[in-house]
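Take a look at the letters that make up each chain.
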Amino acid sequence: MKPFAVDPDDPRSQLERMLAGDWYIADDPDIQREFRRALRETARFNDVYAQDPDASQGILGSLLGGLGDGAHVRAPLRVDYGSRLFIGAGTFVNFGLVALDVVDVRIGERCQLGPSIQLLTAIHPLEREARAQGWEAAEPITLEDDVWLGGGVIVCPGVTIGAGAVIGAGSVVTSDVPPGVLAVGSPARVVREL
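Note that the coordinates shown come from a computational prediction; the quantities given were computed from them, not determined experimentally.

Cut-offs applied
Residues numbered from 1 in each chain as written. Predicted model: local features only at pLDDT ≥ 70, side-chain atom pairs only at ≥ 80, totals over all residues. Heavy atoms only, no water. Helix = DSSP H or I, 4+ residues; strand = E, 2+ residues; numbered from the N terminus. Rg over C-alpha atoms; globule rule 2.2 N^0.38 Å. Buried < 20%, exposed > 50% of the residue type's maximum accessible area, 1.4 Å probe, protein only. Contact = heavy atoms within 4.5 Å. Areas by Shrake-Rupley, 256 points an atom, 1.4 Å probe, with all protein chains shown as cover. Lys, Arg positive; Asp, Glu negative; His and termini not counted. Charge placed at Lys NZ, Arg CZ, Asp CG, Glu CD. Salt bridge = Lys/Arg side-chain N within 4 Å of Asp/Glu carboxyl O. Pairing = 2+ DSSP bridges. Phe/Tyr/Trp six-rings, centres within 6.5 Å; stacked < 30°, edge-to-face > 60°. Lys NZ or Arg CZ within 6 Å of the ring centre and 35° of its normal. Axes fitted to C-alpha atoms, helices over the stretch in contact; angles between N-to-C directions. Parallel < 35°, antiparallel > 145°, perpendicular 65-115°, else oblique. Left-handed = near helix turned anticlockwise from the far one by under 90°. Nonpolar A, V, L, I, M, F, W, Y, C, P; charged D, E, K, R; others polar.

## Details of the overall build of the chain
Here comes step 1: Across its full length, the chain holds four helices and 20 strands.
Here comes step 2: Over its C-alpha trace the chain gives a radius of gyration of 17 Å, about what one expects of a compact globule, namely 16 Å for 194 residues.
Here comes step 3: In terms of principal-axis extent, the alpha carbons of the chain reach across some 50 × 40 × 20 Å.
Here comes step 4: For the chain, with 194 residues in total, the buried portion stands at 45%.
Here comes step 5: A separation threshold of at least 6 residues defines the contact pool for the chain, and within that pool the share at least 24 residues apart is 29%.
Here comes step 6: Per element, the accessible surface of the chain, about 9200 Å² overall, is 53% carbon and sulfur.
Here comes step 7: Across the chain, the centroid of the 17 positively charged side chains sits 4 Å from that of the 27 negatively charged ones.

Laid out in structure tokens, this is it:
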């Protein structure tokens, strides 16, 4: 986790700091405007999905940063902003994805995400006073092509999961996973090559 340090002379807006992955305060009006837009679009996607799963995928085009051809996301979906969630072609996302896309969450092509996955980019300072003041930051998450996450997997900030890797159900991924391996547990550990 990155150490907490804020330059009091930093001229950037809170939104600019957030997008850079630096420490920021989330109640900034520009950030809240983006968050509320995502709430509306996510609610619309979740509502339409119940009536027409195929038509609902079109809503994702305006919500997400990118949605590849043939990708399919099942409702319910929960995102912070949506605009920093990128899903590659042919990827399937089962029910209940939570993607805290404060910074980029990149899901490659042909990935399989089981139900109730959490992709969590947000971090908070360890220092009590800084947390109480509302400071937070984020580190990106990357799932390379052909990754399979079993149900209930949690991926922590700053993690990259290599191409073709499989993460066992219920695992908590706290550090990078190399390509072509099976990792399980909390924290997830490589148990064998695939």
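## A look at the pattern of salt bridges
Here comes step 1: Overall, the coordinates contain nine salt bridges when judged by the stated rule.
Here comes step 2: When the shortest N-O distance is used, the salt bridge between R33 and D30 registers 2.2 Å. Of this pair, R33 and D30 both sit in helix α2 (residues 29-51), three residues apart, roughly one helical turn.
Here comes step 3: In this structure, E41 engages R44 in a salt bridge whose closest nitrogen and oxygen atoms are separated by 2.9 Å. You can see E41 and its partner R44 sitting in helix α2, three residues apart, about one turn around the helix.
Here comes step 4: E41 gets classed as buried once you look at its relative accessible area, which sits at 17%.
Here comes step 5: One network of salt bridges, in which partners are shared, links D10, R12, R17 and D22.

## Things to note about the sheet that holds strand β10 (residues 118-120)
Here comes step 1: On the basis of which strands lie adjacent, the open sheet formed by five strands has the order β4-β7-β10-β15-β18 and parallel pairing. Strand pairing shows two members of the sheet lacking a second neighbour, β4 (77-79) and β18 (172-173), which therefore form its edges.
Here comes step 2: In terms of strand pairing, strand β7 (residues 97-100) meets β10 through three bridges, oriented parallel. The residue of β10 that forms the bridge with A99 is L119.

## Brief notes about the sheet that holds strand β12 (residues 135-138)
Here comes step 1: One open sheet holds the three strands; their spatial order is β1-β12-β11, and the pairing between them is antiparallel. Looking at which strands have only one partner, the edges of the open sheet turn out to be β1 (24-25) and β11 (122-123).
Here comes step 2: Pairing of β11 with β12, which is carried by two bridges, proceeds in the antiparallel orientation. Within the sheet, the bridge partner assigned to A122 lies in β12 and is A138.

## Some details on the packing of aromatic side chains
Here comes step 1: According to the stated counting rule, one finds four aromatic pairs in the structure shown.
Here comes step 2: Where F35 meets Y81, the ring centres are 6.4 Å apart and the plane angle is 70°; that geometry is what we call edge-to-face. Of the two residues, F35 sits in helix α2 while Y81 sits in the loop between β4 and β5 (85-87), which places them 46 residues apart along the sequence.
Here comes step 3: Through successive ring pairs, a cluster of aromatic residues spans F4, W23 and W135.
Here comes step 4: The cationic tip of R106 hangs over the ring face of F86; the distance from NZ or CZ to the ring centre is 3.9 Å.

## A short note on the packing of α2 against helix α3 (residues 53-63)
Here comes step 1: Remark: α2 packs on α3, axes separated minimally by 7 Å, with the N-to-C direction vectors making an angle of 170°. The angle between α2 and α3 falls in the class roughly antiparallel. Both α2 and α3 take part in a crossing whose hand is left-handed. For the pair formed by α2 and α3, the contact residues are R37, A38, E41, T42, R44, F45, V48, Y49 and Q51 on the first element and P53, A55, S56, Q57, I59, L60, S62 and L63 on the second.
Here comes step 2: Among the residues making up the contact of α2 with α3, the classes are represented as nine nonpolar, five polar and three charged.

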